[in-house]
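Letter by letter, the chains look like this.
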Protein chains: 2
Amino acid sequence: MKELTRTEVAEFLRNRDHYCILTHRRPDGDTLGSAAALCRILRAIGKQADILENPEITEKYRSLHEGLTCTACPENATVVSVDVATEKLLNPDFAALLPRIALLIDHHGTNSHFAPEGIVDAGSAACGELIYDILVELGVQMDKSTAEALYTAITADTGCFRYSNTTAHTLRTGAACLEAGADTYRINKALFETNRMSRLKMEAYLAQHLEFFADGTIALALIPLEAEHECGVGEDDMESISNFARNVEGVQLAVTFRTDKTGATKLSVRSAPGYDASSVCAALGGGGHVAAAGARVECDQAQAREKILEILSKQGYL
Amino acid sequence: MKELTRTEVAEFLRNRDHYCILTHRRPDGDTLGSAAALCRILRAIGKQADILENPEITEKYRSLHEGLTCTACPENATVVSVDVATEKLLNPDFAALLPRIALLIDHHGTNSHFAPEGIVDAGSAACGELIYDILVELGVQMDKSTAEALYTAITADTGCFRYSNTTAHTLRTGAACLEAGADTYRINKALFETNRMSRLKMEAYLAQHLEFFADGTIALALIPLEAEHECGVGEDDMESISNFARNVEGVQLAVTFRTDKTGATKLSVRSAPGYDASSVCAALGGGGHVAAAGARVECDQAQAREKILEILSKQGYL
């Protein structure tokens, strides 16, 4: 893939007339917000542009794409993907378009470079932050809708500026969106201050069933399938559930247990500095980062719990 | 009170040599962070400056004031208060110093102007945002500690840029703190991603006991004293507890019931646009804003619940 600069991306976009934008599977605020903003920017400079309708878009984000989508990729359109790290993250319905993707815009350092040209800026906290830079390069004035799309993208990928990926540039991009009229309070309320009862019931279950060891520095959170059913949670509700135990005061390392379709146990380990989640998971054939790792073991949760306690003990945490 | 501009405040601070800084009762991140930053700024321009030790400072914030405090206000020091809206918010131990407060720096529109000179900027989301402007006026370079104090102040008062008081200037001030080396991830983790078990148990109780009416648009959260005792919560744990019911998906108006020391019921009403919390509370002799209001009724929670249902019905919400 030919890696383009922001200026070259702007030039690319100026040089063609008709665009179709692709988002990734299980679409989040960043891919959807980035696509909406890019579509509006392209239309603002007189191009024909649409987003290929993502069948997995959720209610929370639906309004972002209103009036911007097409149901099939026009034959003569230049195809651009946003926030798509690898071709595997394309919706199966979009997979046939892979050879047609002419430009990719992304911020994942692990991007698989599946297009002939593209920009991958791992320094951008969100793909939306990079889209903002391209907007500036193109000299486009941000309108309210574009500002709200970019703000959604940026806050979704930074937990509203809380995660460690947030830079001064991220905050300044947020400021620019606010100045351009984004109703940031409404967006934050919808993204961060609205909880489904099913999720709250799952958190209630966890609060009542967490197990603590080593003076409360180690926490185990077993989530039996029956508990998931009783709380009525779907996969959406379980997003970041492994942070629940990790965020309890005093906890330095937390292990969350879930059962997958095959009956095996999936472990998520989260840890604070000084505790190594990846070495705990490596002992079970899993892997990941020092602060966040995972493993899958072919046994039920009770057996997986015994294994984890043994490993934690061997590694000196208990 | 003579209202000063930022430039005049900078001049005031340049013109004296010895300062003692006061914070408010039940101190939060804004008053404590603002005091720490102001103290460091004054020391950076060669002044003698200390913060009068606040006996109510909590563990979470203690490190902010390390090496910056005095246990008694020096006789020749100029006394400055930060983030103190009225003299009633001074610690009783500090009350004798009231006539000595020469300058107040605050951002509450309701400030009672208890000093001869001061600056009150209600447009600043946090007092710390105003302290940053004063730092710029004084031409002081922000060091890491000052940046972390200001970042703490700003994020504490904006829920990390989530509340509606956040402006583009707030976000840009956050960006400046990050650029000056503030470990914003650590601060955000401590302020927003760390939960006490007692609070989590209280939330679990609520998740299991919320009552819904009118297709889930109205929620009632009764919190009997026994539940508070069982969960082991203190007043700190109950901060913003009235948002819990309000933040459930679909809820437009939420009423939270607590019992005070006298056995009376305290009601907190929170509402979304289109629903009027203040008129509900007014019907019980209480008051507040459209989105957040309160009332106190001389009866137990079961009776208060009946009254509220009657009012909600009369006002067309049920």
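To be clear, the structure that these remarks concern was listed above.
Read on for a plain summary of the structure. (Residues numbered from 1 in each chain as written. Chains lettered and ligands numbered in written order. Predicted model: local features only at pLDDT ≥ 70, side-chain atom pairs only at ≥ 80, totals over all residues. Heavy atoms only, no water.)

Concerning the side chain of Thr170 of chain A
Residues and elements named next belong to chain A.
Here comes step 1: Assignment of secondary structure puts Thr170 in helix H6 (residues 168-179).
Here comes step 2: The class of Thr170 is buried, set by a relative accessible area of 0%.
Here comes step 3: Within the structure, the side chain of Thr170 is placed 3.1 Å from the side chain of Glu129, a separation counted as a polar contact.
Here comes step 4: Here Thr167 takes part through its backbone nitrogen, which lies 2.9 Å from a polar atom of the side chain of Thr170.
Here comes step 5: Not counting the four nearest positions on each side in its chain, Thr170 is found in contact with Ala125, Glu129, Ile154, Thr158, Phe161 and Asn165. (Helix = DSSP H or I, 4+ residues; strand = E, 2+ residues; numbered from the N terminus. Buried < 20%, exposed > 50% of the residue type's maximum accessible area, 1.4 Å probe, protein only. Polar contact = N/O pair within 3.5 Å; in protein donor to acceptor, adjacent residues only side chain to side chain. Contact = heavy atoms within 4.5 Å.)

A few points about the relation of the copies chain B and chain A
Here comes step 1: Mapping chain B onto chain A leaves a residual RMSD of 0.1 Å; the transformation is a rotation of 180 degrees accompanied by 0.0 Å of translation along its axis. Considering both components of the superposition, the chain copies are consistent with a two-fold axis. Taking the C-alpha atom as reference, chain B places Ala204 of chain B closest to the rotation axis, 1.9 Å from it.
Here comes step 2: Comparing contact sets, 100% of the residues at the interface of chain B also lie at the interface in chain A, consistent with an isologous, same-surface contact. (Least-squares fit on C-alpha atoms with pLDDT ≥ 70 in both.)

A short note on empty space enclosed by the protein
Here comes step 1: Tallying each qualifying case throughout the model produces one cavity of 30 Å³ or more.
Here comes step 2: Each pocket or cavity is described by its volume, and for the largest cavity that value is around 50 Å³.
Here comes step 3: Surrounding the largest cavity, Leu200, Glu203, Ala204 and Phe244 of chain A together with Leu200, Glu203, Ala204, Ala207 and Phe244 of chain B form its lining.
Here comes step 4: With four residues, the top contributor of residues to the lining of the largest cavity is helix H8 (residues 197-209) of chain B. (1 Å grid on protein atoms, 1.4 Å probe; cavity = no way out; pocket = protein on both sides within 12 Å on 5 of 7 lines; lining within 4 Å. Points joined across faces, edges and corners; volume = space filled by probe spheres on them.)

Let's talk about the sheet that holds strand S1 (residues 2-3) of chain B
All names here are of chain B.
Here comes step 1: In spatial order, the strands read S1-S7-S6-S5-S2-S3-S4; together these seven strands make up an open sheet with parallel pairing. Each edge of the open sheet is held by one strand with a lone partner, namely S1 and strand S4 (69-70).
Here comes step 2: Note: strand S2 (residues 18-22) against strand S3 (residues 48-52), four bridges, orientation parallel. Across the sheet, the residue bridging to Cys20 is Asp50, located in S3.
Here comes step 3: Relative to strand S6 (residues 101-106), helix H1 (residues 6-14) is tilted by about 140 degrees, and along the sheet it contacts S1, S2, strand S5 (78-82), S6 and strand S7 (117-120).
Here comes step 4: In the packing of helix H2 (residues 29-44) onto the sheet, the strands contacted are S2, S3, S5 and S6, and the crossing angle to S3 comes to about 165 degrees. (Pairing = 2+ DSSP bridges. Axes fitted to C-alpha atoms, helices over the stretch in contact; angles between N-to-C directions.)

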